[in-house]
Each structure stands twice: as C-alpha cells, then as structure tokens.
Amino acid sequence: MSALLAWLLTNPTILAISAGLIGALGWGFHQRLAGAKAERNKQAAGKLAAAEDRLEMHREATDVERQNAGMTDEQARKEAEPWVRK
C-alpha cells in the first residue's frame, strides 16, 4: 500500500494530471461564483430601474393631481374623458 502511495506521489505524470484536475475544478468553481454575482447584479439593476420608474410615475401623478386640484368638475370630466370606458 505504501509503495503504491509513494509511486503516486512521486510520479510526475500523475502529479501533473492531478494538478490539472484541481486547477480545472477551482476555475469552474470561480466561474460559478462569478456567474451568480453577475446575476445578482443584473437583478439588482432591474429592481433599481423599476423603483426609479415608480418614483417618476408618482411624481407625474402628483403633478397632475396638483394641476387638477384647481379645476372645476366639468373641466376635470372633460380632461378625463379620453380614458373613461363607455
């Protein structure tokens, strides 16, 4: 048993193949982590864009509400008419 172990640890071909396998596994693990990080960043950017869109829509709605606050009922009905189902 010890002779086999000594042969495996001293054989340069076996050591080179082992080092290559360990390197490939390490590289694969690194790529997997990098891909997961990229996906997290992509989702975070999407959430940020959605939050910015909601904020902009809220600002626009607030501006319209401020404009419409001074309207009479008839003016408000006329303004809303294109969006009302009949």
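Conventions adopted
All chains use their own residue numbering, which begins from 1 and follows the written sequence. Given that the model is predicted, a residue must reach a pLDDT of at least 70 before its local features are reported, and side-chain atom pairs must reach 80 or more before they are shown or counted; all residues, however, enter totals for whole chains, interfaces and linings. Side-chain calculation: all heavy atoms of the structure are included, whereas hydrogens and water are not. Put simply, DSSP H or I for four residues or longer makes a helix, DSSP E for two residues or longer makes a strand, and each gets a number counted from the N terminus. The size measure is the radius of gyration over C-alpha atoms, and the globule rule it meets is 2.2 Å times the number of residues to the 0.38 power. Between buried and exposed lies partly exposed: a residue is buried under 20% and exposed over 50% of the maximum accessible area for its type, with that area taken using a 1.4 Å probe on protein chains only. pLDDT runs from 0 to 100 and stands for how confident the predictor is about each residue.

Concerning the overall build of the chain
Step number 1: Broken down by element type, the chain carries 3 helices and 0 strands.
Step number 2: When the helices and strands of the chain are listed from N to C terminus, the series reads α-α-α.
Step number 3: Against the 2.2 N^0.38 benchmark of 12 Å for 86 residues, the chain shows a C-alpha radius of gyration of 33 Å, more extended than a compact globule.
Step number 4: Structurally, the chain occupies a C-alpha span of about 100 × 25 × 20 Å along its principal axes.
Step number 5: Residues counted as buried form 1% of the 86 residues belonging to the chain.

Observations concerning the confidence of the model for the chain
Step number 1: Summarising the model, the chain shows a mean pLDDT of 90, and 99% of its residues fall at 70 or more.
Step number 2: The spread of mean pLDDT over the elements of the chain runs between helix α3 (residues 73-80), the lowest at 82, and helix α2 (residues 12-68), the highest at 93.

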